[in-house]
Every structure is written in C-alpha cells, then in structure tokens.
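One-letter residues, chain by chain:
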Amino acid sequence: MATRMMGPTTAGFLIGASESASMAAGMPTIVADGALPGLEGLPLLVLRPRAGVLRRQGAADSPAHPWPAGLRPLAILAASPGAAETLAAGLPDGVPRLVGPEAIPALIGCLADALADSQAARLQLQGRPGSRPPAARRLVLDLAPAMEAVPPPARVTQYLGRPAEGLCSIDLHVAAARASAASLLRVRLVAAGRILGAWLVPGDAVQPGWLPLNLPEPAPHGAAEAVLEVAIEVATDEILQLSTTSGAGPDAAAPLALRAELAEAGHLALPQFFDWAARDLPMPAPGIALPLPEQVLAAAHVEGATHRLLAAGGEAPRILLEIAPGATAWMTLPAVPPGAAELALGEFACRAGDHAALELVLLAGQEVRPAEGDGSARPPRHSDWRMPDATGAMRVALPLPAGLWGEVCLGVVARNRGASPITLEILTLALMAGAAGAPRRVAPVSAGLPPTRTPRLAVKPFGAAAPAQPASEAPAAAEVERAGLPGPASAAGPRPPTVAATEPGAPVEPALPTATPMTAPPPAPSLAAEMPPGGADFQDLRLHQHTVSQDGVYQHLELGLTGLIAATGVWREVRLKLFERRGTVGLEFRRIKGWPQMFDAWPQGGTDQYGPYWRLESQDTLDSMVKLGNAHDRALVAALLEVLPVLARRGARIAELPAEAQEAWAERARILAAAVDATRPGQARPTARTA
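Enquirer: A description of the overall build of the protein should follow, citing residues and the corresponding values.
Expert: In terms of helices and strands, the protein carries eight helices and 36 strands. Out of the 691 residues belonging to the protein, those deemed buried represent 49%. Across the protein, every contact between residues at least 6 apart in sequence was considered, and the portion connecting residues at least 24 apart equals 74%. Approximately 31200 Å² of the protein is accessible, and the part contributed by carbon and sulfur atoms is 56%.

Enquirer: Explain the sheet that holds strand β23 (residues 328-332) to me, and be specific about the residues and the numbers.
Expert: The five strands lie next to each other as β20-β23-β28-β25-β26, forming an open sheet whose pairing is antiparallel. The outermost strands of the open sheet, each flanked by one partner alone, are β20 (301-303) and β26 (381-382). The sheet contact formed by β20 and β23 spans three bridges and is antiparallel. Bridge assignment links glutamate 303 to a residue of β23, and that residue is tryptophan 330.

Enquirer: Break down helix α2 (residues 81-89) for me, citing the residues and quoting the values.
Expert: Among the residues of α2, those classed as buried are Ala83, Ala84, Leu87 and Ala88. Down the axis of α2, the buried side of the element spans an arc of 135°, and every buried residue falls inside it. Away from its buried face, by an angle of more than 90 degrees, α2 presents the exposed residues Pro81 and Thr86. Against the buried residues of α2 lie β3 (29-32), β4 (45-50), β8 (75-78) and β9 (97-99).

Enquirer: Quick rundown of the packing of aromatic side chains? Include the residues and the values.
Expert: Tallied over the full model, the rule gives seven aromatic pairs. Relative to phenylalanine 599, the ring of phenylalanine 589 has its centre 5.4 Å away and its plane inclined at 85°; by these criteria the two rings are edge-to-face. Linking phenylalanine 589 in strand β34 (residues 584-590) with phenylalanine 599 in the loop between β34 and β35 (606-608), this pair joins segments that are ten residues apart in sequence. Phenylalanine 589 sits in the buried class, given a relative accessible area of 1%. For phenylalanine 599, a relative accessible area of 4% translates into the label buried. With a centroid separation of 5.8 Å and an interplanar angle of 80°, the aromatic rings of phenylalanine 599 and tryptophan 602 are classed as edge-to-face. Using a relative accessible area of 15% as the deciding quantity, one classes tryptophan 602 as buried. Clustering of aromatic rings is evident, with ring pairs tying together Phe589, Phe599, Trp602 and Trp614. Directly above the aromatic system of tryptophan 385 lies the positively charged group of arginine 415, at a separation of 3.7 Å from the ring centroid. It is arginine 615 that lies over the ring of tyrosine 613; its NZ or CZ is 4.1 Å from the centre.

Enquirer: Kindly report on the environment of leucine 404, identifying the contributing residues and their values.
Expert: By the element assignment, leucine 404 lies in the loop between β27 (393-399) and β28 (409-416). With a relative accessible area of 9%, leucine 404 lands in the buried category. Separated by 127 residues in sequence, leucine 404 and alanine 277 place their C-alpha atoms 8.8 Å apart. For leucine 404, the residues in contact, after removing those within four places along its chain, are Pro338, Gly365 and Gln366.

Enquirer: Describe the environment of proline 421, with residues and values.
Expert: Within the secondary structure layout, proline 421 lies in the loop between β28 and β29 (422-433). Given the relative accessible area of 54%, proline 421 is considered exposed. Separated by 68 residues in sequence, proline 421 and glycine 353 place their C-alpha atoms 5.8 Å apart. Residues in contact with proline 421, not counting those within four places in the same chain, are Ile323, Pro325, Ala352, Gly353 and Asn416.

Enquirer: I'd love a proper account of helix α8 (residues 659-677), names of residues and values included.
Expert: Along an α-helix, residues three or four apart share an orientation, since each turn contains 3.6 residues. With 19 residues, α8 ought to run about 27 Å at 1.5 Å a step, and its terminal C-alpha atoms sit 27 Å apart, in line with that. For α8, the set of buried residues is Gln662, Trp665, Ala666, Arg668, Ala669, Leu672, Ala673, Ala675, Val676 and Asp677.

Enquirer: If you had to explain the confidence of the model for the protein to someone new, which residues and values would you point to?
Expert: Here the protein shows a mean pLDDT of 75. Residues at 70 or above account for 75%. Throughout residues 370-375 the model reports pLDDT below 50, and contacts reaching past four residues in sequence, or to other chains, amount to six contacts. pLDDT under 50 marks residues 435-534. Its contacts with residues more than four places away, or in other chains, come to 261 contacts.

Enquirer: Tell me about the pattern of salt bridges, and please be specific about residues and values.
Expert: Inspection of every chain in the model, using the stated rule, returns 22 salt bridges. Note that glutamate 233 is salt-bridged to arginine 381, the shortest N-O span being 2.9 Å. With glutamate 233 in strand β16 (residues 225-233) and arginine 381 in strand β26, the pair connects residues that are 148 residues apart, well separated along the chain. Accessibility classification places glutamate 233 together with arginine 381 in one group, the buried group. Here glutamate 322 and arginine 308 are joined by a salt bridge, their closest N and O atoms 3.0 Å apart. Of this pair, glutamate 322 sits in strand β22 (residues 318-323) while arginine 308 is found in strand β21 (residues 306-311), placing the two residues 14 residues apart along the sequence. Overall, the relative accessible area of 30% leaves arginine 308 in the partly exposed class. What you see here is one network of salt bridges that share partners, running through Lys577, Glu588, Arg590, Asp608 and Arg615.

Enquirer: Please provide a residue-by-residue account of the pairing of β27, values included.
Expert: Counted residue by residue, β27 has seven buried out of seven residues, so it is predominantly covered. Residues Ala393, Arg395, Ala397 and Pro399 point to one face of β27 and Met394, Val396 and Leu398 to the other, with burial holding for every one of them. Here strand β24 (residues 343-352) runs beside β27; their pairing, made up of seven bridges, is antiparallel. Along β27, the bridge assignment pairs alanine 349 with alanine 393.

Enquirer: Which residues make up unusual backbone geometry, and what are the values?
Expert: Apart from glycine, the bulk of residues carry a negative phi angle, and the bulk of peptide bonds sit in the trans form. For aspartate 280, which is not a glycine, the phi torsion comes out positive at approximately 65°. Along the chain, the position of aspartate 280 falls in the loop between β18 (258-263) and β19 (288-291).

Enquirer: Quick rundown of the sheet that holds strand β6 (residues 64-66)? Include the residues and the values.
Expert: Here seven strands make up an open sheet; going across it, the order is β6-β2-β5-β4-β3-β8-β9 and the pairing mixed. Pairing within the sheet leaves two strands with one partner each, and these edge strands are β6 and β9. Sheet twist, expressed as the average angle between the axes of neighbouring strands with direction ignored, equals 35°. Packing of helix α1 (residues 17-24) onto the sheet brings it into contact with β2 (14-16), β3, β4, β5 (53-55) and β6, and relative to β2 it is tilted by some 90°.

Enquirer: Lay out the environment of valine 585 with the relevant residues and their values.
Expert: Among the secondary structure elements, valine 585 is positioned in strand β34. Considering only alpha carbons, one finds valine 585 and leucine 672, 87 residues apart in sequence, at a separation of 6.1 Å. In this structure, valine 585 is in contact with Leu578, Phe579, Glu580, Leu616, Glu617, Ser618, Arg668 and Leu672, ignoring residues within four places of it in sequence.

What counts, and at which threshold
Numbering of residues starts from 1 in each chain and follows the order in which that chain's sequence is written. This being a predicted model, a pLDDT of at least 70 is required before a residue's local features are given, and a value of 80 or more before pairs of side-chain atoms are given or counted; all residues contribute to the totals for chains, interfaces and linings. Remark: hydrogens and water are excluded; side-chain values derive from all non-hydrogen atoms of the structure. Each helix is a run of H or I in the DSSP string that is no shorter than four residues. Each strand is a run of E no shorter than two, and both are numbered from the N terminus. Buried residues are those whose accessible area, probed at 1.4 Å on protein chains only, stays under 20% of the maximum for their type, while exposed residues exceed 50% and partly exposed ones sit between those limits. Contacts between residues were defined by any pair of non-hydrogen atoms, one from each residue, lying within 4.5 Å. Every accessible area reported is derived by Shrake-Rupley at a probe size of 1.4 Å, with residue values counting cover from the shown protein chains alone. Criterion used throughout: strands pair if DSSP finds at least two bridges between them. The directions from the helix axis to the C-beta atoms form the arc being described. Stacked, tilted and edge-to-face are the three classes assigned to paired rings of Phe, Tyr and Trp, where Trp is represented by its six-membered ring and a pair needs centres within 6.5 Å; plane angles under 30 degrees give stacked, over 60 edge-to-face, the rest tilted. In this scheme, the term charge over a ring applies when either NZ of a lysine or CZ of an arginine sits within 6 Å of the ring centre and within 35 degrees of the ring normal. The span expected for a helix works out to 1.5 Å for each residue beyond the first. Per-residue confidence from the predictor is reported as pLDDT, which spans 0 to 100. Just to be clear on terms, a salt bridge is a Lys or Arg side-chain nitrogen sitting within 4 Å of an Asp or Glu carboxyl oxygen. The axes are straight lines fitted to the C-alpha atoms, using for helices just the contacting stretch, and the angles between their N-to-C directions are given from 0 to 180°.

This is the structure in structure tokens:
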C-alpha cells in the first residue's frame with residue numbers, strides 16, 4: 001500500500017496516470033529496477049522506470065503526471081546499491097531500500113509495518129470520545145429565516161442542490177412552537193433513494209430558534225443530490241411552524257430556512273431524536289401499502305369475541321370477529337418492523353348485524369395494551385372512535401408515533417352498542433409510507449367492497465376462540481379507560497346521531513386522555529393495486545358560519561374541514577364558503593388571518609375590505625379554473641368538489657336546518673361540481689353516494 005510521506009521530497013520520476021490512480025486508491029506499491037525479474041507475480045503494484053516515467057511492465061503509455069503529493073511507495077527493490085541509489089534519487093525521501101535477490105523477506109516486513117501503521121491510524125480515528133479533537137465542521141448551506149414569510153405547508157420536499165456526501169448536520173429554524181408530545185416533526189435526509197438519516201422530534205422538545213439534527217457520522221461517498229423531506233403533524237389547538245427564507249415571489253413556495261454542515265471522515269456524534277431503525281433503508285414509493293403477513297395475523301390475540309381466519313382461494317387471509325351485544329373486543333398483533341412507514345392503515349366491513357351500532361378504534365405503538373405492560377412504553381396513538389358508512393364499510397389511517405425503536409404493534413378495539421350480534425371482517429391491516437401531495441393508489445369507489453357472501457370460503461380456525469361476552473359481562477368502563485380508550489357509554493345516555501352512508505367526520509367522543517390523539521387524515525379508500533381515481537374523504541367538519549341576507553338573495557355556509565384525502569394528496573386543513581347569489585353557486589377562499597394556507601400558489605382573484613379572495617362559480621367557471629397555477633392546487637379543488645355535496649348537507653345539518661334545506665345545499669354543491677366538469681373533457685368525477 002502507499003504510505004504517507006514523512007519528509008521532504010525530491011522531484012524526479014513522473015508516474016503514469018493509471019498507476020497514480022491505483023496508488024492513490026491504496027494499492028501496495030514498490031519501485032524496482034529492470035534487473036530484478038519475476039516481481040509482477042506479487043499482489044503488488046510494481047513500477048519500473050521507462051524513459052523517466054514509472055509504469056507497470058507491459059502497460060500502455062498513459063499520460064504522465066508528477067508524483068502524487070503526500071504518498072510514497074513501500075520500498076525500492078534493486079539488484080545493486082548503485083541501482084537503488086539511482087531510483088531513490090527520483091522518489092520521496094525515506095523510502096526503504098531492499099538490495100539483492102533475497103529482498104522478498106524484507107519486503108514482507110515492510111508490508112507488515114505498513115499494515116500495523118494503517119491499523120493504528122484507524123484505531124486512533126475511532127478512538128474513545130475525547131481522546132482526540134473533533135473533526136472540523138464546515139458550513140456549506142445557510143438559508144436565513146425571513147422576518148415576514150409565508151408559513152410552509154405541512155409537508156415539504158426540499159432539494160439541497162449539492163451532493164449528500166460529507167453532510168453531518170441539518171439545522172431547521174423553528175418560527176413558532178407551542179406543542180405537546182401529541183405533535184410530531186418528521187425529518188428525513190435522502191439521497192439516491194436511500195434514507196441517510198431520519199429524525200422524529202416530539203412537539204414538546206421543539207423550541208423557537210435553530211433545531212440541530214445531527215447524523216451519527218458524515219454521509220457516505222456519492223454524487224447523488226441530498227433531498228430533505230419534512231412533515232409536521234400538529235395536534236388540535238397546538239402550534240408547530242418552521243421558518244422559510246425570503247426571495248420567493250408572493251405566490252411561490254419559499255424554501256425552508258436551514259443550515260447544513262460538512263465534516264471529514266471520523267466525525268462521530270450521538271444524535272438526538274435519531275430514528276436508527278430507518279437509517280440506510282431504501283425509500284419506498286409513496287402510497288404503496290405493505291399488508292401485514294399471514295403469520296402476524298395468525299398470531300393475533302383476541303379478547304371479548306370469537307375469531308376466525310378466512311381465506312378464499314389464493315387471496316390474502318382476513319380476520320372475522322363475532323362480537324356479542326354490548327361487548328367490547330380487543331385484538332392485538334405481534335410487533336413488526338415499521339421500516340420507513342409513516343401510517344398504519346386498516347379496512348373493515350360489518351358483515352352481519354346493525355352496523356350503526358358498531359364503533360372501532362385503530363391503535364399503534366410499542367404496546368397497544370399499556371395497562372398490561374410494565375409502564376415503560378409510551379401510550380399508543382389511536383384513531384378515535386370511528387363509525388362505518390351506510391354499507392358497513394370503514395377505513396382508518398393512523399400516523400405512527402415516535403419512539404418505536406424498530407418495532408410497532410397494531411391493535412383494534414371494536415364495540416357493539418346494539419342489541420344483536422355483529423360480525424366484523426378485518427379486510428386489511430397494513431403499513432404505508434405516504435405523504436401530503438404524494439400520488440396514491442385508491443379504490444374506484446367505496447362500493448367496491450367484497451360481497452357479503454364469498455363463494456367457496458375456506459374457514460381456518462386459529463388460536464383459542466374466546467367466548468363472546470354478554471352485555472352484562474362487558475368490560476367495565478374503568479378497565480377500558482386504563483388501556484387508553486373510553487369505556488362504553490351508559491345505557492341511559494343519548495345515542496349519537498346516525499351517520500349517513502359514506503359521510504366521514506362522524507361524531508366522536510371526547511379526546512382520549514391517556515393516548516396520543518390522531519393528527520393525520522384518513523387513508524385512501526383501498527389498499528388494492530392500481531385503481532382509477534376517486535373516493536375522496538375527509539376526517540372532520542366544522543361549521544363556522546351560516547348567513548342569509550335580509551332580502552334572501554344571498555346565503556352561504558362557511559365550513560372548515562380537516563384531513564381531506566384524495567387520489568392525489570392529503571390536505572390537513574381546508575376552509576371555504578359555499579354560497580348562492582341570485583342563482584349562481586360558488587366556492588370562496590380567503591387569504592386572511594385565521595384561514596389556513598391551502599394553495600401552493602395563490603390563484604389570482606379579487607380583494608375587498610377583508611383581504612384577498614378567490615372564487616369558483618357556476619358562471620364563468622373556466623376563467624376561474626385556469627387561474628389555478630399547478631396540478632396540486634387543481635387536485636385540491638377536485639377533491640373538494642368530490643365531497644362537496646356531503647360537506648354541504650352535513651354543514652346544513654349542523655346549522656339545524658330542516659331536511660329540505662339540507663338537500664337544497666347538497667343540490668347546490670352538485671350544480672357547482674357539474675359546472676366544473678363541463679369545462680373539461682373526459683369522464684365525470686365520482687361523487688359520494690350520499691350526495
């Protein structure tokens with residue numbers, strides 16, 4: 001191997017380009033005169049002088065370069081002292097001279113010494129912390145935060161414009177933070193399709209100012225560009241906002257304010273908030289769901305219900321739960337590695353019984369029954385109680401919590417609040433890496449559920465079937481509360497209103513006290529393979545205002561919804577006005593305080609005393625649509641129009657309008673959606689079945 005020079009050099013021999021590259025790469029190198037034959041059989045780079053240039057014997061004449069600075073050969077081999085002196089005059093000082101035909105044993109000694117020196121250098125490089133000064137860090141990217149900048153969206157993908165090689169730290173600037181552990185900041189550094197580093201920062205650990213995110217060691221060699229992926233999950237009534245830089249136009253998305261540093265090899269750190277399990281994993285394509293394997297489903301532990309594993313032909317197995325009246329069923333699954341997944345997904349169907357009496361919660365965490373653990377695990381994250389649609393179908397998405405340390409347990413809790421037994425089929429449980437704005441795979445419509453009766457259904461019992469609990473023996477409320485879920489409602493209490501068909505955003509019970517509440521929207525309607533677009537959904541709806549003018553020529557519903565999801569992306573918060581003015585129906589969006597940032601590029605509209613607005617009306621629809629500057633913003637409007645009839649009817653119901661007025665608002669929404677469809681060729685959009 002080539003060794004480092006220890007003394008002054010004498011400029012003499014040149015060296016061929018290919019030989020210089022081999023030597024710089026660490027190939028053990030010797031220089032020999034022509035009187036010593038047979039050395040080329042050794043596993044060494046043997047250089048011989050040829051017209052003043054050191055080359056391999058028989059090698060082509062590549063361009064000649066000066067001797068590489070800082071390197072020297074292991075030894076000089078020559079037949080006589082004079083020949084050795086001649087060679088040494090053109091090489092760096094201090095190279096050992098091995099003279100005579102018996103130089104091979106001495107050469108082995110040189111190799112042993114070089115190997116020992118190399119090992120000592122490596123051990124010194126990897127020595128105990130504090131035994132050597134830290135490797136120098138160099139600032140290579142510095143994007144300062146702007147004083148007055150538009151807040152970034154909930155998910156940002158930012159290309160850093162330089163190779164990831166050598167990066168040792170990424171610092172993000174936090175503009176505002178008032179959050180608990182229920183909120184979460186997810187950051188990934190990706191290059192060439194692999195995760196170089198991932199960080200999960202709970203909201204209560206984020207403070208305004210610079211947030212350092214260190215890598216355990218500098219990023220490895222490679223020319224691939226560094227890409228930063230940032231996602232913010234903010235719980236209700238909490239604030240977690242990153243800063244952006246200045247210089248972007250008023251309608252352009254400004255890049256995040258950040259700093260990046262480089263370090264040489266040997267810079268080691270123990271990073272805080274680092275997700276070690278995700279390091280060096282291949283980055284999966286967004287939107288691809290990975291179902292849990294059959295072995296995990298077969299090992300499910302169920303309490304409070306009888307259960308079976310079903311399989312029809314060669315399709316994936318499914319779990320069937322038989323839940324008695326008034327009973328609460330718990331199903332827990334063995335831990336699985338989450339990899340780079342961010343979401344837990346579940347699809348369920350009520351196959352028999354009163355589906356309006358069924359309620360279900362999806363859980364994810366280190367343990368999903370914390371009351372039975374030793375108390376060291378974090379409380380699981382849950383989806384809140386969810387109710388099926390009119391067909392008995394239900395789909396739930398749950399963002400995975402922080403602190404999983406390489407494994408996650410999924411659980412399902414279902415309760416039967418009716419007077420007859422319920423059969424619940426768990427169609428799919430899966431993990432998925434997906435994000436806002438990322439292409440997703442979705443079902444054609446929610447009607448595409450498996451039929452209630454499957455021909456040639458093979459039933460494979462597994463585990464001991466737990467007896468169904470009668471209503472009188474249902475788990476006590478206190479016992480369920482300890483596990484992080486509210487207990488069954490009192491029989492004397494009022495029954496929650498029935499949710500029509502596919503309306504999402506069903507009434508849920510108060511926030512669960514001991515578990516981290518869900519902060520992400522529901523998933524795409526299905527986990528199937530490639531499907532046509534459709535099936536938009538939302539998590540919750542709020543009525544801000546219902547206004548009717550005195551003369552009756554104008555009226556509007558101002559609505560806010562969370563967790564809007566469609567084939568083309570996810571939007572955590574949307575606010576709009578659905579209005580009618582003298583027979584013209586429209587949507588109005590505002591760019592004012594109190595309204596979320598919904599569009600990547602604000603469409604050109606009007607301005608009044610309240611601030612900028614953009615309207616999409618049933619008249620001159622095309623003129624409004626062409627002002628949407630990018631595909632993601634058009635996807636937002638398309639998703640809203642798909643669920644708009646449901647939004648309108650539900651908003652009118654919250655406003656306590658009569659049934660005829662509720663249907664009138666749904667019809668106005670359909671009129672606007674039809675007007676938009678008329679401006680473009682192709683098949684009309686699918687709409688919610690309750691519309």
